[in-house]
Amino acid sequence: MFNFDLVEILSRLLFRIPAIVLSLSVHEFSHAFSAYKLGDNTAKNMGRLTLNPIRHLDPIGFLCLCFVNFGWAKPVPVNSYAFRSVDEKTGMLLTALAGPMSNIVLCFLSVGFLVLRPSRLLYASYWFRTFLNYMVWINASLAFFNLIPVPPLDGSKILFGMLPDRLYAYSHILEQYGFIFLTILLVGRIPEMILGPLSSGLVSGFAWFFELFV
C-alpha cells in the first residue's frame with residue numbers, strides 16, 4: 001500500500017509540477033509585461049520581463065503549492081509613479097489584473113484543447129491529456145484565489161484601483177495588515193469553499209463554449 005501511494009503521489013507530481021511552473025511563470029510575466037507597457041521599467045530592469053521560471057519561482061512558495069495547494073511566487077516589483085500613460089490607481093489596477101487574466105486565458109486554451117482535440121496524435125498522449133487537466137484546474141484556482149480582495153493578493157489592488165481617491169489613500173494602511181486577514185481566511189478554509197464552485201463554473205462555461213464547435 002505504501003509503495004502504491006508513493007508511486008501515485010510521484011505520478012501526480014510529474015504532471016502537476018510542469019503545470020504549476022508554467023502557470024506561475026505566465027502569471028508573473030503578465031504583471032511585468034503590463035507594468036512595462038504602461039511605462040514602468042522596474043520589472044524589466046530586474047530581469048522579470050521573461051517566461052524563465054527561475055526568475056519568478058520562490059522555492060518555499062513553489063514547494064508549498066506542490067504539496068499543500070497553497071503557495072506563492074516572487075512578487076513582481078512595480079513603481080506606480082513611473083506609469084506614463086495612466087494614473088497611479090489605474091496603472092496598479094491593470095497591472096494587478098494582468099496576472100489573474102493570464103491564468104484565465106491559459107485555462108480557456110487548455111479546455112479548448114481538451115474539448116476540440118485539434119491534434120489527435122498529440123491528444124492521444126496520456127501525458128498531454130493529464131497535463132492539460134492540471135492546467136485547467138490550477139489556472140482556474142490561481143485566477144480566483146488571486147482575485148480575492150485581500151492584500152497582498154491581486155484582488156486587493158484591483159479593488160483599491162476602483163475606490164474613490166479619498167478612500168484610496170487608506171489602501172496603504174490596509175496592506176500592512178493584509179497577511180493577518182489572509183491567514184484568518186486560510187485557517188478558516190474560506191478560499192476552499194469559494195474557489196471550488198467558481199472554478200467549476202468557469203471550466204463548465206468554457207467547455208460549453210467549445211462544445212458548440214464540436
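Residues numbered from 1 in each chain as written. Predicted model: local features only at pLDDT ≥ 70, side-chain atom pairs only at ≥ 80, totals over all residues. Heavy atoms only, no water.

Caption draft 1: Quick look at the packing of aromatic side chains. Following the criterion strictly, the structure yields eight aromatic pairs and no others. Measuring from centroid to centroid gives 5.0 Å for Phe108 and Phe206, while their planes differ by 85 degrees, and the two rings are edge-to-face. Here the residue Phe108 occupies a position in helix α5 (residues 88-116), and Phe206 occupies one in helix α12 (residues 190-211), the gap between them amounting to 98 residues. Plain terms: the ring middles of Trp127 and Phe131 are 5.1 Å apart, the flat faces sit at 5 degrees to each other, and that makes the pair stacked. (Phe/Tyr/Trp six-rings, centres within 6.5 Å; stacked < 30°, edge-to-face > 60°. Helix = DSSP H or I, 4+ residues; strand = E, 2+ residues; numbered from the N terminus.)

Caption draft 2: Up close: the confidence of the model for the protein. Per-chain confidence: the protein averages 88 in pLDDT, with 93% of residues scoring 70 or above. Mean pLDDT across the secondary structure elements of the protein bottoms out at helix α6 (residues 120-123), with 62, and peaks at helix α2 (residues 42-45), with 96. (pLDDT = per-residue confidence, 0-100.)

Caption draft 3: Geometry of the packing of α5 against helix α8 (residues 154-162). Taken N-terminus to C-terminus, the directions of α5 and α8 make an angle of 150 degrees; their axes are 8 Å apart at the nearest point. For the element pair α5 and α8, the recorded crossing hand is left-handed. Where α5 abuts α8, its residues Lys89, Met92, Leu93, Ala96, Leu97 and Pro100 lie against Asp154, Lys157, Ile158, Phe160, Gly161 and Met162. By residue class, the composition of the contact of α5 with α8 is eight nonpolar, one polar and three charged. (Axes fitted to C-alpha atoms, helices over the stretch in contact; angles between N-to-C directions. Left-handed = near helix turned anticlockwise from the far one by under 90°. Contact = heavy atoms within 4.5 Å. Nonpolar A, V, L, I, M, F, W, Y, C, P; charged D, E, K, R; others polar.)

Caption draft 4: Highlighting the nonpolar core. Counting 22 residues, the largest nonpolar core has Cys107, Val111, Val136, Phe145, Leu202, Val203 and Phe206 as its most contacted members. Elements represented by at least two residues in this core include exactly α5, α7 (126-146) and α12. With seven residues, α7 is the largest single contributor of residues to this core. In this structure, Val111 is in contact with Val136, Val203, Phe206, Ala207 and Phe210, ignoring residues within four places of it in sequence. Among the nonpolar cores identified, the runner-up in size contains 17 residues, and Phe15, Phe62, Met135 and Leu142 belong to it. (Core = buried A, V, L, I, M, F, W, Y, C linked by side-chain atoms within 4.5 Å. Buried < 20%, exposed > 50% of the residue type's maximum accessible area, 1.4 Å probe, protein only.)

Caption draft 5: Geometry of the side chain of Asp40. Relative to the elements of secondary structure, Asp40 occurs in the loop between α1 (2-37) and α2. Buried Asp40, no salt bridge; nearest opposite-charge side chain is Arg84, N-O distance 8.1 Å. Not counting chain neighbours up to four residues away, the residues in contact with Asp40 comprise Ala35, Pro77, Val78, Asn79, Ala82 and Phe83. (Lys, Arg positive; Asp, Glu negative; His and termini not counted. Salt bridge = Lys/Arg side-chain N within 4 Å of Asp/Glu carboxyl O.)

Caption draft 6: The arrangement of the environment of Pro152 in detail. Within the element layout of this structure, Pro152 appears in the loop between α7 and α8. Taking the relative accessible area as the measure of exposure, Pro152 reaches 39% and is therefore partly exposed. Along the chain, Pro152 and Gln176 lie 24 residues apart, while their C-alpha atoms are 9.1 Å from each other. Those residues in contact with Pro152 that sit more than four places away from it in its chain are Lys157, Phe179 and Leu182.

Caption draft 7: Molecular detail of the packing of α5 against α7. Viewed as axis vectors pointing N to C, α5 and α7 meet at an angle of 150 degrees, and their least axial separation amounts to 8 Å. It follows from the interaxial angle that α5 and α7 lie roughly antiparallel. Between α5 and α7 lies a crossing of left-handed hand. Contact with α5, carried on its side by Pro100, Asn103, Ile104, Leu106, Cys107, Ser110, Val111, Phe113 and Leu114, involves Phe128, Arg129, Leu132, Asn133, Met135, Val136, Asn139, Ala140, Leu142, Ala143 and Asn146 of α7 and no other residues of that element. (Parallel < 35°, antiparallel > 145°, perpendicular 65-115°, else oblique.)

Caption draft 8: Inspection of α12 at higher detail. Its 22 residues place the ends of α12 32 Å apart at the C-alpha level, agreeing with the 32 Å of an ideal helix rising 1.5 Å per residue. When we look at burial in α12, the residues that qualify are Pro191, Leu195, Ser199, Leu202, Val203, Phe206, Ala207 and Phe210. Within α12, the buried residues cover an arc of 130 degrees as seen down the axis, which keeps them to one side. Looking at α12, the residues exposed on the side facing more than 90 degrees away from the buried face are Met193, Pro197 and Trp208. Along its buried surface, α12 packs onto α5, α7 and α11 (178-187). (Expected span 1.5 Å × (residues − 1). Arc of directions from axis to C-beta.)

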